[in-house]
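So you can see what is in the structure, the chains are spelled out below.
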Amino acid sequence: MGKVNLAVKVGRLELKNPVLVASGTFGYGEEYAQLVDLNRLGGIVVKGLSLEPKIGNPPPRLVETSCGLINAIGLENIGVERFIKEKLPFLRQFETKIIVNIFGYSFKDYAGLAAKLTAAGVNALEVNISCPNIKEGGKFFGTDPTSAAAVTKAVCEETDLPVFVKLTPQVTDIVEIAQAVIEAGADGVSMINTFPAMAVDIHTRRPKLGNITGGLSGPCLKPIALKMIWEVVRSLHIPVMGIGGIMSAADALEYLIVGAQAVQVGTANFVNPRTALEVIDGIEDYLRLHHFKDIKSIIGSVLIPK
Amino acid sequence: MFLETAKVVEHCHFIEPGAEIFHLLTLSAPKIASSAKPGQFVMVRVGAAILDPLLRRPFSIFYQGKDTISLLYKVIGKGTNLMTTWEPGDKISVLGPLGKGFKIFSSEPQWLVAGGAGIAPLCFLGSRLREKKVSFKTLWGLRYKIAPALMGVIQQKLGDLIIYTENGSLGYQGLVTEGVKRLRQEEKPEGIYACGPLPMLKALFRWTKEEGIAMQVSLEANMACGVGACLGCVIETKEGYKKVCRQGPVFNAEEIKWEK
Ligand SMILES: Cc1cc2nc3c(=O)[nH]c(=O)nc-3n(C[C@H](O)[C@H](O)[C@H](O)COP(=O)(O)OP(=O)(O)OC[C@H]3O[C@@H](n4cnc5c(N)ncnc54)[C@H](O)[C@@H]3O)c2cc1C
Ligand SMILES: Cc1cc2nc3c(=O)[nH]c(=O)nc-3n(C[C@H](O)[C@H](O)[C@H](O)COP(=O)(O)O)c2cc1C
Ligand code: FES
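Note that the coordinates shown come from a computational prediction; the quantities given were computed from them, not determined experimentally.

## Brief notes about the overall build of chain B
1) Next: Secondary structure summary: chain B contains six helices and 16 strands in total.
2) Next: For 260 residues, the compact-globule formula gives about 18 Å, and the C-alpha radius of gyration of chain B, at 18 Å, lands near that figure.
3) Next: Along the first, second and third principal axes, the C-alpha set of chain B runs to 55 × 45 × 35 Å.
4) Next: Contacts in chain B between residues far apart in sequence, at least 24 positions, make up 66% of those at least 6 positions apart.
5) Next: Surface exposure of chain B reaches about 11000 Å², of which carbon and sulfur atoms provide 49%.
6) Next: When the 33 positive and 24 negative side-chain charges of chain B are each reduced to one mean point, those points stand 5 Å apart.

## Focus on the site of ligand 1
1) Next: Around ligand 1 lies a shell of 20 residues, among which B:Pro58, B:Gly77, B:Gly79, B:Thr80 and B:Glu220 are the nearest.
2) Next: This site is not confined to one chain, since residues near ligand 1 come from chains A and B.
3) Next: Between B:Gly77 and ligand 1, the recorded distance is 2.7 Å, taken from a backbone N or O atom to an oxygen atom.
4) Next: Interatomic distance of 2.6 Å between a side-chain N/O atom of B:Glu220 and a nitrogen atom of ligand 1.
5) Next: Summarising the interface, the protein chains cover 84% of the accessible area of ligand 1, which totals 830 Å² for the free molecule.
6) Next: The element that contributes the greatest number of residues to the shell around ligand 1 is strand β4 (residues 57-60) of chain B, accounting for four residues.
7) Next: Both domains that furnish three or more residues to the shell around ligand 1 are identified here as domain 1 (2-98) and domain 2 (110-220) of chain B.

## Things to note about a nonpolar patch on the surface
1) Next: Taken together, the side chains of A:Met198, A:Val200 and A:Ile212 define a hydrophobic patch exposed on the protein surface, amounting to about 260 Å² of accessible area.
2) Next: Looking at where A:Val200 falls in the secondary structure, it is placed in strand β14 (residues 200-201).

## What about the site of ligand 2?
Residue and element names in this part refer to chain A.
1) Next: With respect to spatial proximity, 23 residues lie near ligand 2, and among them Ser23, Lys166, Gly218, Gly245 and Thr267 are the closest.
2) Next: Separating an oxygen atom of ligand 2 from a backbone N or O atom of glycine 266 is a distance of 3.2 Å.
3) Next: Class assignment for the residues of the shell around ligand 2 results in six nonpolar, 15 polar and two charged.

## Details of the environment of B:Asn222
1) Next: Considering the arrangement of structural elements, one finds B:Asn222 in the loop between β13 (215-218) and β14 (234-237).
2) Next: Residue classification places B:Asn222 among the partly exposed positions, given a relative accessible area of 47%.
3) Next: Sequence-wise, B:Asn222 and B:Pro58 are 164 residues apart; in three dimensions their C-alpha atoms are separated by 8.7 Å.
4) Next: A distance of 3.0 Å separates a polar atom in the side chain of B:Asn222 from the backbone oxygen of A:Leu62.

## Quick word on the packing of aromatic side chains
Each aromatic ring pair is specified by the distance between its two centres and by the angle formed by the two planes.
Residue and element names in this part refer to chain A.
1) Next: Overall, the coordinates contain 14 aromatic pairs over all chains when judged by the stated rule.
2) Next: Residues phenylalanine 107 and phenylalanine 141 carry aromatic rings whose centres are separated by 5.6 Å and whose planes lie at 55 degrees to one another, so their mutual orientation is tilted. Of this pair, phenylalanine 107 sits in helix α2 (residues 107-120) while phenylalanine 141 sits in the loop between β10 (139-140) and α3 (145-156), and the two are 34 residues apart along the sequence.
3) Next: Using a relative accessible area of 0% as the deciding quantity, one classes phenylalanine 141 as buried.
4) Next: In this structure an aromatic cluster arises from ring pairing among Phe107, Tyr110 and Phe141.

## Some words on the nonpolar core
A general tendency of soluble globular proteins is for nonpolar side chains to be buried together.
1) Next: With 137 residues, the main nonpolar core has A:Phe83, A:Val100, A:Met191, A:Ile283 and B:Val113 as its most contacted residues.
2) Next: Looking at this core, you find at least three residues from each of domain 1 (2-98) and domain 2 (110-220) of chain B.
3) Next: With sequence-adjacent residues up to four places away left out, A:Val100 is seen in contact with A:Val46, A:Leu49, A:Phe83, A:Leu117, A:Val122, A:Ala124, A:Leu125 and A:Glu126.

## Regarding the pattern of salt bridges
1) Next: Under the counting rule described, the total for this entry stands at 23 salt bridges over all chains.
2) Next: Among the ionic pairs, A:Glu64 bridges to B:Arg57, the shortest N-O distance being 2.7 Å. Separated into two different chains, A:Glu64 in strand β5 (residues 62-65) and B:Arg57 in strand β4 make up a pair that spans both.
3) Next: Between A:Glu157 and A:Lys153 there is a salt bridge, with its nearest N and O atoms 3.4 Å apart.
4) Next: Note on A:Glu157: relative accessible area 57%, which makes it exposed.
5) Next: Its relative accessible area of 48% is what places A:Lys153 among the partly exposed residues.
6) Next: Members of the salt-bridge network, linked through shared partners, are A:Lys222, A:Asp251 and A:Glu254.

## Some details on the interface of chain A and chain B
1) Next: Each side of the interface is counted separately: chain A has 31 residues, and chain B has 27 residues.
2) Next: Here chain A packs against chain B, burying approximately 2500 Å² in sum over the two surfaces, 64% of which is carbon and sulfur.
3) Next: Three residues stand out in chain A for area buried against chain B, namely A:Leu62, A:Glu64 and A:Val271, and they jointly supply 25% of the buried area on that side.
4) Next: Across the chain A-chain B interface, the total number found is one salt bridge.

## Concerning the pairing of strand β12 (residues 188-191) of chain A
Residues and elements named next belong to chain A.
1) Next: Where burial is concerned, the two faces of β12 agree: the one with Gly188 and Ser190 and the one with Val189 and Met191 are both buried.
2) Next: One ladder, built from four bridges, connects strand β11 (residues 163-167) with β12; its direction is parallel. Of the residues in β12, the one forming a bridge with leucine 167 is methionine 191.
3) Next: Handedness of the crossover joining β11 and β12 through helix α4 (residues 174-183): right-handed.
4) Next: Inspection of the sheet shows β12 paired to strand β17 (residues 240-243) by three bridges, in the parallel sense. Within the sheet, the bridge partner assigned to serine 190 lies in β17 and is methionine 241.

## So, the domain arrangement of chain B
All names here are of chain B.
1) Next: According to the domain assignment, chain B consists of domain 1 (2-98) and domain 2 (110-220).
2) Next: Counting from both sides, the interface comprises 19 residues of domain 1 and, opposite them, 22 residues of domain 2.
3) Next: For the pair domain 1 and domain 2, the summed buried area comes to about 1800 Å², and 72% of that belongs to carbon and sulfur atoms.
4) Next: On the domain 1 side of the interface with domain 2, the three residues burying the most area are Glu20, Pro38 and Phe62, jointly 33% of the side's total.
5) Next: Applying the counting rule to domain 1 against domain 2 returns zero salt bridges.
6) Next: For the interface between domain 1 and domain 2, the tally reads five residue pairs in polar contact (both at pLDDT 80 or more).
7) Next: For the side of domain 1 that touches domain 2, the secondary-structure elements that each account for two or more residues are β2 (22-28) and β5 (63-64).

So, how was this worked out
- Residues numbered from 1 in each chain as written.
- Chains lettered and ligands numbered in written order.
- Predicted model: local features only at pLDDT ≥ 70, side-chain atom pairs only at ≥ 80, totals over all residues.
- Heavy atoms only, no water.
- Helix = DSSP H or I, 4+ residues; strand = E, 2+ residues; numbered from the N terminus.
- Rg over C-alpha atoms; globule rule 2.2 N^0.38 Å.
- Contact = heavy atoms within 4.5 Å.
- Areas by Shrake-Rupley, 256 points an atom, 1.4 Å probe, with all protein chains shown as cover.
- Lys, Arg positive; Asp, Glu negative; His and termini not counted.
- Charge placed at Lys NZ, Arg CZ, Asp CG, Glu CD.
- Near = heavy atom within 4 Å.
- Polar contact = N/O pair within 3.5 Å; in protein donor to acceptor, adjacent residues only side chain to side chain.
- Domains from an automatic or database assignment.
- Patch = residues over 30% accessible without salt bridge, like charges linked within 9 Å, V, L, I, M, F, W, Y side chains within 5 Å.
- Salt bridge = Lys/Arg side-chain N within 4 Å of Asp/Glu carboxyl O.
- Nonpolar A, V, L, I, M, F, W, Y, C, P; charged D, E, K, R; others polar.
- Buried < 20%, exposed > 50% of the residue type's maximum accessible area, 1.4 Å probe, protein only.
- Phe/Tyr/Trp six-rings, centres within 6.5 Å; stacked < 30°, edge-to-face > 60°.
- Core = buried A, V, L, I, M, F, W, Y, C linked by side-chain atoms within 4.5 Å.
- Buried area = accessible area lost by both parts, 1.4 Å probe.
- Pairing = 2+ DSSP bridges.
- Right-handed = clockwise from strand over helix to strand, strands pointing away.

Structure, rendered in structure tokens:
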């Protein structure tokens with residue numbers, strides 16, 4: 001059998017295969033380097049960075065639920081300066097794309113991060129807008145099309161790198177938000193971030209998380225994410241990276257068929273650190289089995305009965 | 001650190017009327033076995049294609065064989081419940097060895113103080129201390145007695161130990177924290193290694209502080225990755241949050257903010 005082509009282009013970002021690892025689930029890459037050949041990954045989206053280091057939420061920060069995980073890490077991170085100095089040189093050794101996830105509390109924060117990372121040299125930016133805008137009374141950037149567009153614009157003005165905006169599912173109309181960020185200059189969207197959630201210990205009657213609430217990830221998220229992506233792709237025809245509960249090649253293929261041009265593996269890295277590699281191999285096997293020579297043949301190929 | 005497909009070699013269930021139930025699982029995992037140090041742990045995947053329970057479960061290494069590791073565990077919830085059904089020949093995905101282990105104190109005598117399943121990392125440590133001919137004593141606090149067969153396994157690794165049970169069905173009646181005070185009348189330890197429930201560790205810390213005795217503790221936290229990537233397993237220390245999976249699970253007791 002001949003070779004199948006797995007390379008994709010998501011907006012301006014070229015990937016050798018459509019499988020990345022999601023922000024916050026793969027640290028800064030080095031944590032998994034002993035277990036996973038990082039060269040094989042389509043890309044690594046690193047843990048969300050802010051201008052200043054952030055200490056994060058009080059423990060407990062994790063609770064498992066049926067087919068899912070609720071986390072309340074609180075965006076703990078070492079800050080952009082230390083990332084550039086201490087983590088980026090290591091990541092640069094690998095033949096994979098480095099996408100840096102950023103978040104802030106004002107438009108200025110986002111612009112500053114974009115400028116610093118562009119100067120340092122990374123392959124793309126992923127903008128987490130599931131964050132409170134301090135000036136606007138803590139309203140999330142990601143829940144309002146106007147501020148989502150303004151954040152995107154603030155980032156795009158400071159960089160010529162491909163920009164992906166990571167959308168939160170906690171909105172009434174995700175298409176409206178996606179459209180706003182694309183019009184503001186984003187190359188595409190990453191969908192989705194975790195879904196707000198909580199869990200209670202019935203014996204102590206206390207919340208199981210130190211932060212009371214957290215974000216739900218894992219297999220239980222997949223059907224929700226798929227439906228949202230389908231809505232966005234069919235209305236807007238824009239580049240999407242699909243995220244949510246991808247545990248296997250079959251899960252990833254569902255996203256690609258619905259129209260995501262790439263996928264990110266998140267929580268599954270904890271369960272099996274080699275999930276992303278198995279997903280790549282599984283996609284290749286699937287393409288061979290169905291006699292496709294190029295992954296592009298299946299992207300967005302979903303057949304909707306008339 | 002290795003990701004190994006381990007085979008169940010032996011699975012013993014120490015079940016007896018009136019006794020605290022433990023399970024002893026021996027896995028053939030040559031790479032992990034040959035590099036494991038006392039106090040380190042592994043993350044065990046509960047089912048290969050199973051998504052619920054989703055996450056791996058952390059367990060201390062109870063002892064190390066030539067190509068094997070043994071885990072001593074209690075049933076807590078759905079993960080450990082499913083584990084009890086594993087039979088010899090079953091294949092299990094194991095990630096390890098993880099974390100930093102115990103640092104052996106330089107002077108003697110030393111004490112190991114365990115509560116419940118907290119005996120697991122201390123048994124591995126104790127067998128290492130015996131090899132190094134370090135003089136030590138072990139105190140183990142339990143709710144009830146345990147099956148004699150399990151006692152046999154532990155004595156073979158650790159030598160004699162002092163047992164405290166809450167209902168007095170084995171050894172002395174009372175808490176192990178009373179046991180340390182009694183033993184202190186005989187000797188002063190140069191260092192204590194402890195693992196067990198948080199209230200026990202807190203009480204021990206207060207006492208060791210009054211007595212001026214150094215202590216290392218092995219702590220637990222909910223974990224997702226086990227390798228320092230998710231930042232989910234932090235505990236509060238005097239130098240801020242630290243990851244139990246990477247900077248621990250063994251810490252110097254003075255480092256920890258116990259009041260939290
Ligand atoms: C470093 C370390 C070493 C450990 N060593 C041992 C050992 O040698 N023997 C033993 O019996 N137990 C040990 N434990 C505790 C053991 O991991 C839990 O009992 C087990 O995860 C419970 O899983 P479950 O599905 O049965 O319980 P559930 O309550 O259904 O689990 C729900 C979730 O909470 C987590 N969880 C529940 N209790 C604990 C706990 N005490 N610590 C951490 N996570 C927990 C589970 O991993 C799971 O993600 C250790 C824990 C840690 C962190
Ligand atoms: C522990 C943890 C930390 C995360 N941290 C971030 C983060 O810093 N920035 C971000 O945009 N998303 C973060 N996420 C969200 C994931 O990138 C992903 O969108 C989400 O988990 C859904 O995918 P999954 O079901 O495959 O995990 C985090 C998720 C988890 C579980
Ligand atoms: S369990 Fe993920 S950082 Fe410790």
